[in-house]
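Here's the letter readout for the chains.
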Amino acid sequence: MCRLETLNLDDVWQKELGWNAKKKSGRKFDDEIELKVWENLAPIYSKKYNLYQGVPKLKNKIHSILGKGNKILDLGCGCGNFAIPLASTAKEILALDFSSAMLQQLALKIKEENIHNIRMVCSKWEDFQGEYQADFVLSVNSLYRICYMRKALSKMVLYGKKGFVIVRTIIRPSMYSIYHDLGINYKKYNDYILVPAMLLDMGINANVDFIRYEKSIEYPDWEHAEEEMLKNLGELTYLNFSDQLRENFLQRAKKENNRFIFPFERVIQIISYVK
């Protein structure tokens, strides 16, 4: 008789994200490195990486779920790309972030726009123990350093009286379309599959939506694009497909002022739950 074993999604999550590796290095696992990254990005982040302004469908979706007059806990608020515009429709917002540099940028915006219903807390989500009771918890690309995801999700359920919204940009290489069309394997991340599955395992049947939008990346020359392909695929795979990769890249990229502009698709996942 075939015996079915229960899949431990916590173990799968930690394996997928590298938390059970013997040797761990990089910003995901090192708080000091992570804080330094955000210290450097803080002054430019809103201009270069603003999903609220850059993806209107996402903005509209967030507003439709959160509604008006609600208390929002913005988990991983950063410099306020979502908190600042949401302040006009929310009753109040608790803006939580691990980076004091990002919160300093948010404080400047709050002062500039004379906003009075945003309160800031500097903390990791794992460490936060405030007694704040929100109507909704909002997380936009802020769960990427979580080791114990089930605990993090359970905490969101606990703090969000009416529900929660999790926004995640699916991790794919910029040249994913070329690899896909040529049938080339590359490192894939399944975290976007695991979060809804873990919620379902917790008895939470969340809604999952996807929004696709176009972006472009600039390469100063072919050598820089080639370097990225090598990093994505490894030397052996790259060498086996080098001619096809170059041909496909040159067909899809636009050449402007001796630089290559490569268009690609980004996919955003919205996981929402309204109690």
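So, how was this worked out
- Residues numbered from 1 in each chain as written.
- Predicted model: local features only at pLDDT ≥ 70, side-chain atom pairs only at ≥ 80, totals over all residues.
- Heavy atoms only, no water.
- Helix = DSSP H or I, 4+ residues; strand = E, 2+ residues; numbered from the N terminus.
- Expected span 1.5 Å × (residues − 1).
- Contact = heavy atoms within 4.5 Å.
- Salt bridge = Lys/Arg side-chain N within 4 Å of Asp/Glu carboxyl O.
- Buried < 20%, exposed > 50% of the residue type's maximum accessible area, 1.4 Å probe, protein only.
- Core = buried A, V, L, I, M, F, W, Y, C linked by side-chain atoms within 4.5 Å.

**Observations regarding helix α7 (residues 100-112)**
Its 13 residues place the ends of α7 18 Å apart at the C-alpha level, agreeing with the 18 Å of an ideal helix rising 1.5 Å per residue. On its buried face, α7 sits against α2 (31-41), α3 (45-48), α6 (83-86), β2 (92-97) and β3 (118-122). Positioned one or two residues after α7, Asn114 has a phi angle of 55°, which is positive.

**Concerning the pattern of salt bridges**
In the structure shown here, the tally under the stated rule is 13 salt bridges. Between Arg150 and Asp10 there is a salt bridge whose closest N-O contact spans 2.9 Å. One end of the pair, Arg150, is in helix α8 (residues 149-159); the other, Asp10, is in helix α1 (residues 9-16), and 140 residues separate them in sequence. Residue Arg150 is classed as partly exposed on the basis of its relative accessible area of 22%. By relative accessible area, Asp10 is classed as partly exposed at 23%.

**Details of the nonpolar core**
By size, the foremost hydrophobic cluster in this structure holds 32 residues, and its most contacted members are Leu73, Trp125, Met156 and Phe164. Of all the elements in the fold, those that place two or more residues in this core are α1, β1 (71-75), β2, β4 (134-140), α8, β5 (160-169) and α10 (191-201). Among the elements that make up this core, the one with the highest residue count is α8 (six residues). When neighbours within four sequence positions are excluded, Met156 is seen to be in contact with Leu75, Trp125, Val137, Ser139, Leu143, Phe164, Val165 and Ile166. Residues Tyr52, Ile72, Val167 and Tyr213 belong to the second largest nonpolar core, which totals 31 residues.

**Regarding the environment of Leu35**
Turning to its location among the elements, Leu35 is positioned in helix α2. Counting along the chain gives 52 residues from Leu35 to Ala87, while the straight-line C-alpha distance between them is 26 Å. Leu35 has contacts with Phe98 and Ser99, leaving out every residue within four places of it along the chain.

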